[in-house]
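Residue-level listing of the chains:
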Amino acid sequence: QKEVEQDPGPLSVPEGAIVSLNCTYSNSAFQYFMWYRQYSRKGPELLMYTYSSGNKEDGRFTAQVDKSSKYISLFIRDSQPSDSATYLCAMGSTGFQKLVFGTGTRLLVSP
Amino acid sequence: ETGVTQTPRHLVMGMTNKKSLKCEQHLGHNAMYWYKQSAKKPLELMFVYNFKEQTENNSVPSRFSPECPNSSHLFLHLHTLQPEDSALYLCASSRTTGQGNQPQHFGDGTRLSIL
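Reading the values: rules and limits
- Residues numbered from 1 in each chain as written.
- Chains lettered and ligands numbered in written order.
- Predicted model: local features only at pLDDT ≥ 70, side-chain atom pairs only at ≥ 80, totals over all residues.
- Heavy atoms only, no water.
- Helix = DSSP H or I, 4+ residues; strand = E, 2+ residues; numbered from the N terminus.
- Rg over C-alpha atoms; globule rule 2.2 N^0.38 Å.
- Buried < 20%, exposed > 50% of the residue type's maximum accessible area, 1.4 Å probe, protein only.
- Contact = heavy atoms within 4.5 Å.
- Phe/Tyr/Trp six-rings, centres within 6.5 Å; stacked < 30°, edge-to-face > 60°.

## A short note on the overall build of chain A
Point 1. Across its full length, chain A holds zero helices and eleven strands.
Point 2. Helices and strands in chain A line up, N terminus first, as β-β-β-β-β-β-β-β-β-β-β.
Point 3. A compact globule built from 111 residues would reach a C-alpha radius of gyration of about 13 Å, and chain A, at 13 Å, matches this within 12%.
Point 4. A burial count over chain A gives 43% of its 111 residues as buried.
Point 5. For chain A, contacts bridging at least 24 residues in sequence account for 54% of all contacts bridging at least 6.

Right, here's the structure in full:
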């Protein structure tokens, strides 16, 4: 079993849709959870950073962590064509210097 | 300049060539990382440096040789590479290591093609 599972997509949605991107993980030691956005020919850009369980909102983006289910989500409201990118989840824990990344989900938002 | 800068952006080399990738961060961070990104695979951590000391070598072949002269600069020296080494090489930095609560900030990578 992979340490982090993420559907590679592509996920195609019309402009204005609500998008849900998800990752599951197996290591219960993970405490810190991140979402990165990667545009074509660019490096990953940190979007959201959360600790432990709960929700965090930043503009149109909401990150949700359910540690009991080992499941994290990123919601994008009112999706725009400029949101078309690959979204990577990443996670880590105190005393553990590696971040573990998912494979990324490619999102396509059509006008 | 701000953030993490990588040069060159693209590199094509033959299997017998020697070249180097450069990374510079302007974030005041103390930890720097090299990752390999291949299609449909998770990011593969290669090396970690913390305060200029190498703290992780993730079983990387010796044809990849890192160098970290100070906390702001990181190099990856390449020699006798194989076609399967063609990938996007990403540099990242964070405040320090050993704490999972340190988000990493990435450069835009060097796209490497081995002929």
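On we go.
## Some thoughts on the packing of aromatic side chains
Point 1. Scanning the entire structure with this criterion turns up eleven aromatic pairs over all chains.
Point 2. Consider the rings of Tyr25(A) and Phe33(A), whose centres lie 5.4 Å apart with planes at 45 degrees: the pair is tilted. Residue Tyr25(A) shares its accessibility class with Phe33(A), and that shared class is buried.
Point 3. Their ring planes at 85 degrees and their centres at 5.6 Å tell us that Phe101(A) and Tyr35(B) sit as a pair that is edge-to-face. Taken together, the residues Phe101(A) in strand β10 (residues 96–101) and Tyr35(B) in strand β4 (residues 31–37) connect one chain to another.
Point 4. For Phe101(A), a relative accessible area of 4% translates into the label buried.
Point 5. On the basis of relative accessible area, Tyr35(B) is assigned to the buried category, the value being 1%.

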